[in-house]
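Structural overview
What follows is each chain in one-letter form.
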2 protein chains.
Amino acid sequence: MSSSVQRKRIRKSPEARRAEIVETAARVALTEGLECITLRRIADELAVRPGLISHYFPSAEDLVAEAFSVASTGELDALLPAERPHGTPTQYLARYFALSAGDAYDDISRLWINARHLSRYRPVLRDRVAEQELASDDRLQAVIQDGVDSGEFRTDDPRAAAIQILVVIDGLGAHASTDRSNRPEAVTRMAVTTAERVLGLPYGALTEVPALTEPTPARAEPTPTVDSPDPS
Amino acid sequence: MSSSVQRKRIRKSPEARRAEIVETAARVALTEGLECITLRRIADELAVRPGLISHYFPSAEDLVAEAFSVASTGELDALLPAERPHGTPTQYLARYFALSAGDAYDDISRLWINARHLSRYRPVLRDRVAEQELASDDRLQAVIQDGVDSGEFRTDDPRAAAIQILVVIDGLGAHASTDRSNRPEAVTRMAVTTAERVLGLPYGALTEVPALTEPTPARAEPTPTVDSPDPS
DNA sequence: GATGCTATTGAGTGTGCGACCAATAAGCAA
DNA sequence: TTGCTTATTGGTCGCACACTCAATAGCATC
């Protein structure tokens, strides 16, 4: 056998193939960057020909935007799930900050920087970025609102509180490609400190917290096929 | 005359030509992005042939890195000069925040996002980004130290204070390509608020301040070497 | 005005990209 | 088994990019 060149073509349903393409692109976006989503790259990954990717995404820009949305949504769900049946708002928030400070968060930080930069040139992506920003704001605001309702947090503007926290997280994440080893503790802890301040919590309230009773998986499985609605 | 094709070549000293190239690249970086620094693009700006750019920068990556450094240094000097003979630390700091909140700052925010993203792939640029980050930290720290010495500010870790302020500014700047029109006031004001907090100042101390006696120019003139014919 | 140094050109190489489309064959239905 | 729909291929086009190098010509110097 001279080599591994694909001999037999495999024919899949458009829905399955499309989902497969988007998933692959999302993975590439997260690990290597949005500009690595090229027709050839994704095609290689799936052992098909570039033309097939074009067939599903006549404009490559749409695939990039879709990949970002999928990756970003998946990460958000992993960090701060929409359903929170296994703990208090304080616990979920504490978990959120713990994850945000970990090395694993660097990929997400990089993805956001990547998307924010690239959206300068790509209108389709720009819309998706704005959409995902809103989703992040909403998600965090919801947790805060829950905490306010339960009396754990105190703020008269949960949305402003959420955005302020996210601004700090973005600011800390900006350096995801650079060395951050010798940052002062006050800086490392900035996100938590900000949250404690805007939510009327005492120092340590978000770091010294019992873990969730039934820990949600660190990474949600990305909804195995079947659906995946139409992108742009 | 069929057209404007360059007829006569102009021979300049290597130093002058090199400076011209870097200046042009820095301007392009600031207005259009670092990936628009291509041999052809810069050559067109200067009405020379691409090969000449290669002659001065055998690796284009070096030009990109150099352009970023020059642009970034220039902007830092415009925002927060190293020499501050015409006012108090409070005044210079207030001016810094005023400029940072203006629309003109968007170009700089975008440049930083651009550089932070691109440095993921370009080691030379990465080093320059780290270097310029340090320069920003140092510059702000110096102003804070002056203010502490004069009794205007109060903090026991000027560097940590500086970095915290910059993290917030970075976080706010992350959205420079997106719409930010309907941000809560608390968010818009975050950088100033942070500064007032970490420097032990009352609310408004950095916004209600008399202007500098001899206002430094908002933008330093880039040494108009007689020529510079065509902006794109 | 002639000479020499070298800044600058012109022409070319190879790579990777998105996009396009007629031809092909997989797999379902009859 | 046959036929048909259409998912998939293979090939091609044009463009933009960085990089190379021998040939050319500006200009300072004599």
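Bear in mind the structure is a predicted one, so any value in this text is a computation, not a measurement.

Definitions and limits used
- Residues numbered from 1 in each chain as written.
- Chains lettered and ligands numbered in written order.
- Predicted model: local features only at pLDDT ≥ 70, side-chain atom pairs only at ≥ 80, totals over all residues.
- Heavy atoms only, no water.
- Near = heavy atom within 4 Å.
- Polar contact = N/O pair within 3.5 Å; in protein donor to acceptor, adjacent residues only side chain to side chain.
- Helix = DSSP H or I, 4+ residues; strand = E, 2+ residues; numbered from the N terminus.
- Nonpolar A, V, L, I, M, F, W, Y, C, P; charged D, E, K, R; others polar.
- Axes fitted to C-alpha atoms, helices over the stretch in contact; angles between N-to-C directions.
- Parallel < 35°, antiparallel > 145°, perpendicular 65-115°, else oblique.
- Left-handed = near helix turned anticlockwise from the far one by under 90°.
- Contact = heavy atoms within 4.5 Å.
- Buried area = accessible area lost by both parts, 1.4 Å probe.
- Least-squares fit on C-alpha atoms with pLDDT ≥ 70 in both.

So, on to the protein's contact with DNA strand D. Looking at DNA strand D, there are 23 residues lining it, with Arg49(A), Tyr56(A), Arg9(B), Arg11(B) and Ala60(B) nearest. What you see for DNA strand D is that sugar and phosphate hold 67% of its atoms within 4 Å of the protein. At 2.8 Å from a base nitrogen of DNA strand D is found a side-chain nitrogen or oxygen belonging to Arg11(B). Where the surface near DNA strand D is concerned, the elements lending two or more residues are helix H1 (14-32) and helix H3 (50-56) of chain A together with helix H2 (39-46) of chain B. In terms of residue count, H3(A) provides more of the surface near DNA strand D than any other element does, four residues in total. Class assignment for the residues of the surface near DNA strand D results in nine nonpolar, five polar and nine charged.

Running from N to C, helix H6 (residues 105-118) of chain A and helix H6 (residues 105-118) of chain B cross one another at 130°; their axes reach a closest spacing of 9 Å. On the basis of the axis angle, H6(A) is oblique to H6(B). As H6(A) packs across H6(B), the resulting crossing turns out to be left-handed. Together, Ile113(A), Asn114(A), Arg116(A) and His117(A) of H6(A) and Ile113(B), Asn114(B), Arg116(B) and His117(B) of H6(B) make up the contact between the two elements. Taken together, the residues of the contact of H6(A) with H6(B) sort by class into two nonpolar, four polar and two charged.

What follows covers the interface of chain A and chain B. Between chain A and chain B, the contact holds 35 residues from the first and 35 residues from the second. A combined buried area of about 3000 Å² lies between chain A and chain B, and 63% of that area is made up of carbon and sulfur atoms. Across the chain A-chain B interface, the total number found is 14 residue pairs in polar contact (both at pLDDT 80 or more). Counting only elements with at least two residues in the side of chain A that touches chain B, the list comes to H1, H6, helix H7 (123-150), helix H8 (158-173), helix H9 (185-188) and helix H10 (190-198) of chain A. In terms of residue count, the dominant contributor to the side of chain A that touches chain B is H8(A) (eight residues).

The two copies are related by a screw operation: chain A maps onto chain B through 180° of rotation and 0.0 Å of translation along the axis, at an RMSD of 0.0 Å. A rotation of that kind, with that shift, is consistent with a two-fold axis. Using C-alpha coordinates, one finds that chain A approaches the rotation axis most closely at Gly171(A), a distance of 1.8 Å. Taken as a fraction of all interface residues of chain A, those also at the interface in chain B reach 100%, which identifies the copy contact as same-surface.

Time to look at the protein's contact with DNA strand C. Among the 22 residues in the neighbourhood of DNA strand C, the closest are listed as Arg9(A), Arg11(A), Arg11(B), Arg49(B) and Tyr56(B). For DNA strand C, the backbone portion of the atoms within 4 Å of the protein, that is sugar and phosphate, comes to 70%. Separating a phosphate oxygen of DNA strand C from a backbone N or O atom of Pro58(A) is a distance of 3.3 Å. Looking at the surface near DNA strand C, the elements with two or more residues in it are helix H2 (39-46) of chain A together with helix H1 (14-32) and helix H3 (50-56) of chain B. The greatest single-element share of the surface near DNA strand C, amounting to four residues, is contributed by H3(B). Considered class by class, the residues forming the surface near DNA strand C number nine nonpolar, four polar and nine charged.

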